[in-house]
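Structural overview
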Amino acid sequence: MFWTILIIIGVTAYAASGALVAIEAEFSFVGVFVLGLTTAFGGGTIRNLLIGAPVSALWESQTIAIVFATLAIIVLLPLKWTQHWKRWGLLFDSIGLATFALQGALTVKLVDGHLGLMLLAAMFTGLGGGMIRDLLAGKKPLALKEEIHAVLAMFCGVYVWLGWTSPLLLTLAVFIVVGIRMLAVNYGLRFMFFRFGRKAQIEN
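Below: a short report on this structure.

1. Here's the deal with the packing of helix α2 (residues 29-51) against helix α3 (residues 61-76)
- Running from N to C, α2 and α3 cross one another at 140°; their axes reach a closest spacing of 10 Å. It follows that α2 is oblique to α3 by the angle criterion. Considering how the two elements wind past one another, α2 and α3 form a crossing that is right-handed. Of α3, the residues touching α2 (which contributes F29, V32, F33, G36, L37, A40 and F41) are T63, I64, V67, F68, L71, A72 and V75.
- Of the residues belonging to the contact of α2 with α3, the class tally is 12 nonpolar, two polar and no charged.

2. Comments concerning a nonpolar patch on the surface
- On the surface, a cluster of nonpolar side chains totalling about 570 Å² of accessible area is made up of F29, V30, V34, V75, L76 and L136.
- At three residues, α2 tops the list of elements feeding residues into the nonpolar patch.
- Here L76 shows up in helix α3.

3. Details of the pattern of salt bridges
- Under the definition given, this model contains three salt bridges.
- Salt-bridge contacts for D93 lead to R133; the nearest nitrogen and oxygen are separated by 2.9 Å. With D93 in helix α4 (residues 85-111) and R133 in helix α5 (residues 115-136), the pair connects residues that are 40 residues apart, well separated along the chain. Of the two residues, D93 and R133, neither departs from the other in class, the shared state being buried.
- The salt bridge partner of R181 is D93, with a shortest N-O separation of 3.0 Å. You can see R181 sitting in helix α8 (residues 167-187) and its partner D93 sitting in helix α4, a full 88 residues away along the chain.

4. Comments concerning empty space enclosed by the protein
- One pass over the full model with this rule turns up one cavity of 30 Å³ or more.
- As for the largest cavity, its lining consists of 13 residues, of which D93, G130, R133, A143 and H149 are closest to the centre.
- Per-element accounting of the lining of the largest cavity gives the leading share, six residues, to α5.
- Residue classes in the lining of the largest cavity are distributed as seven nonpolar, three polar and three charged.

How each quantity is defined
Residues numbered from 1 in each chain as written. Predicted model: local features only at pLDDT ≥ 70, side-chain atom pairs only at ≥ 80, totals over all residues. Heavy atoms only, no water. Axes fitted to C-alpha atoms, helices over the stretch in contact; angles between N-to-C directions. Helix = DSSP H or I, 4+ residues; strand = E, 2+ residues; numbered from the N terminus. Parallel < 35°, antiparallel > 145°, perpendicular 65-115°, else oblique. Left-handed = near helix turned anticlockwise from the far one by under 90°. Contact = heavy atoms within 4.5 Å. Nonpolar A, V, L, I, M, F, W, Y, C, P; charged D, E, K, R; others polar. Patch = residues over 30% accessible without salt bridge, like charges linked within 9 Å, V, L, I, M, F, W, Y side chains within 5 Å. Areas by Shrake-Rupley, 256 points an atom, 1.4 Å probe, with all protein chains shown as cover. Salt bridge = Lys/Arg side-chain N within 4 Å of Asp/Glu carboxyl O. Buried < 20%, exposed > 50% of the residue type's maximum accessible area, 1.4 Å probe, protein only. 1 Å grid on protein atoms, 1.4 Å probe; cavity = no way out; pocket = protein on both sides within 12 Å on 5 of 7 lines; lining within 4 Å. Points joined across faces, edges and corners; volume = space filled by probe spheres on them.

And the structure:
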């Protein structure tokens, strides 16, 4: 039951994130649905291809219905309600990152408890949908510009690998990831790893 709820939260949050990015890019309602669907299911598709699981397993009628309902509501909202898309979009993106990364790690844990594979599944599931969304919107994928996305996704992978998979602990993990991501956004926090390019040279 909790697994189903986690999936619903993730796909709903990422669908909303994709829809809000499409609205910012001034796409038509078709574009809103395309970005919403690819954001919601892109990461899971990459994960299933990675571990050899059937992609068709993602197309549950209940999940698809929830995604379509979410996108329809956003399309029908008055435009002024979506003007603050950045704030809401980042929140939804953070929720999607947390829940999808946990889903990816949990999916692999059911098949193979190898830490490396769990980290890869967490990263591809958590980041894949958002990267596809940004590319379709003509933007540089945020996950490739800010290391915190990958770090938080790997945190989810290690979290599951340690066996902290009770409903309460998984909920705590979602709050931790969302909290850290939003703090990083609000205060401009970032990990000072290797940076390349002209801007990085100037900053250094």
